[in-house]
Amino acid sequence: MAKISLIVNGNPVTANVDPRTLLVQFLRENLRLTGTHVGCDTSQCGACVVHLDGKAVKSCTTLAVMADGHEVKTIEGLAADGAPLHPMQEAFREHHGLQCGFCTPGMIMTAIDIVHRKGHELDDHTIREELEGNLCRCTGYQNIVASIAAGAKAMAKSDLA
């Protein structure tokens, strides 16, 4: 077993884990943060995206021990219970950027990372290119792209971003 200490959604966490434990397993099974989904186990779909030290990573191919000493943010950490949604979450709601919702947490976490890297004025081509590695099986992506563009603009005006 390996002892790990990290910050998850602003809270310190210490645990003993098998060194082979994936970050997604640790989040879902140990911490019961089930908003991070497992869609493929091969880093193809992006349903498992979380932020590690502020950067998007696929938690299905990241070991929990790799997060030792670092900060992890999941979809649950974007908005506290009863607080307003993060601007990107609100944009997905407003612009119908989801259908079944399975890919949505990973899409939102990826979208926030795109904004942090590319800025608040995103064109459709940039969004679509940056979403490579995030799959949705329900939508035609148009509403996801529109949601991300709107969310990027809203993040510029928000202190939650």
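Residues numbered from 1 in each chain as written. Predicted model: local features only at pLDDT ≥ 70, side-chain atom pairs only at ≥ 80, totals over all residues. Heavy atoms only, no water.

**Comments concerning the overall build of the protein chain**
Here is step 1 of the chain: Within the protein chain one finds five helices and five strands.
Here is step 2 of the chain: In the protein chain, the succession of α and β elements from N to C terminus is β-β-α-β-β-β-α-α-α-α.
Here is step 3 of the chain: Rg of the C-alpha trace for the protein chain: 15 Å, near the compact-globule value of 15 Å for 161 residues, within the 12% margin.
Here is step 4 of the chain: Overall size of the protein chain, expressed as C-alpha extent along the three principal axes, is 45 × 30 × 25 Å.
Here is step 5 of the chain: The 161 residues of the protein chain split such that 43% are buried.
Here is step 6 of the chain: Restricting the contact set of the protein chain to residue pairs at least 6 apart, pairs at least 24 apart contribute 58%.
Here is step 7 of the chain: About 8,200 Å² of surface is accessible on the protein chain, with carbon and sulfur atoms providing 49% of the total.
Here is step 8 of the chain: With 14 positive and 18 negative side-chain charges, the protein chain shows a spacing of 2 Å between the two charge centroids. (Helix = DSSP H or I, 4+ residues; strand = E, 2+ residues; numbered from the N terminus. Rg over C-alpha atoms; globule rule 2.2 N^0.38 Å. Buried < 20%, exposed > 50% of the residue type's maximum accessible area, 1.4 Å probe, protein only. Contact = heavy atoms within 4.5 Å. Areas by Shrake-Rupley, 256 points an atom, 1.4 Å probe, with all protein chains shown as cover. Lys, Arg positive; Asp, Glu negative; His and termini not counted. Charge placed at Lys NZ, Arg CZ, Asp CG, Glu CD.)

**Concerning the pairing of strand β2 (residues 11–17)**
Here is step 1 of the chain: Sheet topology note: the strand β1 (residues 2–8)/β2 ladder contains seven bridges and is antiparallel. Looking at β2, one finds that I4 is bridged to A15.
Here is step 2 of the chain: The turn linking β1 back onto β2 is made up of two residues, and N9 within it adopts a positive phi angle of 55 degrees. (Pairing = 2+ DSSP bridges.)

**Overview of the domain arrangement of the protein chain**
Here is step 1 of the chain: The domain boundaries assigned to the protein chain delineate domain 1 (2–75) and domain 2 (87–156).
Here is step 2 of the chain: Measuring from the centre of the C-alpha atoms in domain 1 to the corresponding centre in domain 2 gives 21 Å.
Here is step 3 of the chain: At the junction of the two partners, domain 1 supplies 18 residues and domain 2 supplies 13 residues.
Here is step 4 of the chain: Of the roughly 1,200 Å² buried between domain 1 and domain 2, counting both surfaces, carbon and sulfur atoms make up 61%.
Here is step 5 of the chain: Sorting the residues of domain 1 by area buried against domain 2 places H37, H51 and I75 first, and these three jointly supply 40% of that buried surface.
Here is step 6 of the chain: The tally of links between domain 1 and domain 2 comes to seven residue pairs in polar contact (both at pLDDT 80 or more).
Here is step 7 of the chain: Those elements that provide at least two residues to the side of domain 1 that touches domain 2 are β3 (49–52) and β4 (55–58). (Domains from an automatic or database assignment. Buried area = accessible area lost by both parts, 1.4 Å probe. Polar contact = N/O pair within 3.5 Å; in protein donor to acceptor, adjacent residues only side chain to side chain.)

**Details of the packing of helix α2 (residues 87–94) against helix α3 (residues 104–118)**
A pair of packed helices is characterised by two quantities: the angle between their axes and the separation of those axes.
Here is step 1 of the chain: For the pair α2 and α3, interaxial distance at closest approach is 10 Å and the crossing angle is 125 degrees. In terms of axis orientation, α2 runs oblique to α3. Crossing of α2 against α3: the hand is right-handed. For the pair α2 and α3, the contacting residues are M88, Q89 and F92 in the first and T104, M107, I108, A111, I112 and V115 in the second.
Here is step 2 of the chain: By residue class, the composition of the contact of α2 with α3 is seven nonpolar, two polar and no charged. (Axes fitted to C-alpha atoms, helices over the stretch in contact; angles between N-to-C directions. Parallel < 35°, antiparallel > 145°, perpendicular 65-115°, else oblique. Left-handed = near helix turned anticlockwise from the far one by under 90°. Nonpolar A, V, L, I, M, F, W, Y, C, P; charged D, E, K, R; others polar.)

**Some thoughts on the pattern of salt bridges**
Here is step 1 of the chain: For the structure shown, the criterion picks out five salt bridges.
Here is step 2 of the chain: The residue D113 makes a salt bridge to R117 at a minimum N-O spacing of 2.8 Å. Residue D113 and its partner R117 are both found in helix α3; the two are separated by four residues, about one turn of the helix.
Here is step 3 of the chain: A relative accessible area of 8% places D113 in the buried class.
Here is step 4 of the chain: When its relative accessible area of 46% is taken as the criterion, R117 is described as partly exposed.
Here is step 5 of the chain: E130 serves as the salt-bridge partner of K118, at 3.6 Å between the closest nitrogen and oxygen. With K118 in helix α3 and E130 in helix α4 (residues 124–130), the pair connects residues that are twelve residues apart, well separated along the chain.
Here is step 6 of the chain: When its relative accessible area of 44% is taken as the criterion, K118 is described as partly exposed.
Here is step 7 of the chain: Three or more residues joined by partner-sharing salt bridges are found here, namely D113, R117, K118 and E130. (Salt bridge = Lys/Arg side-chain N within 4 Å of Asp/Glu carboxyl O.)

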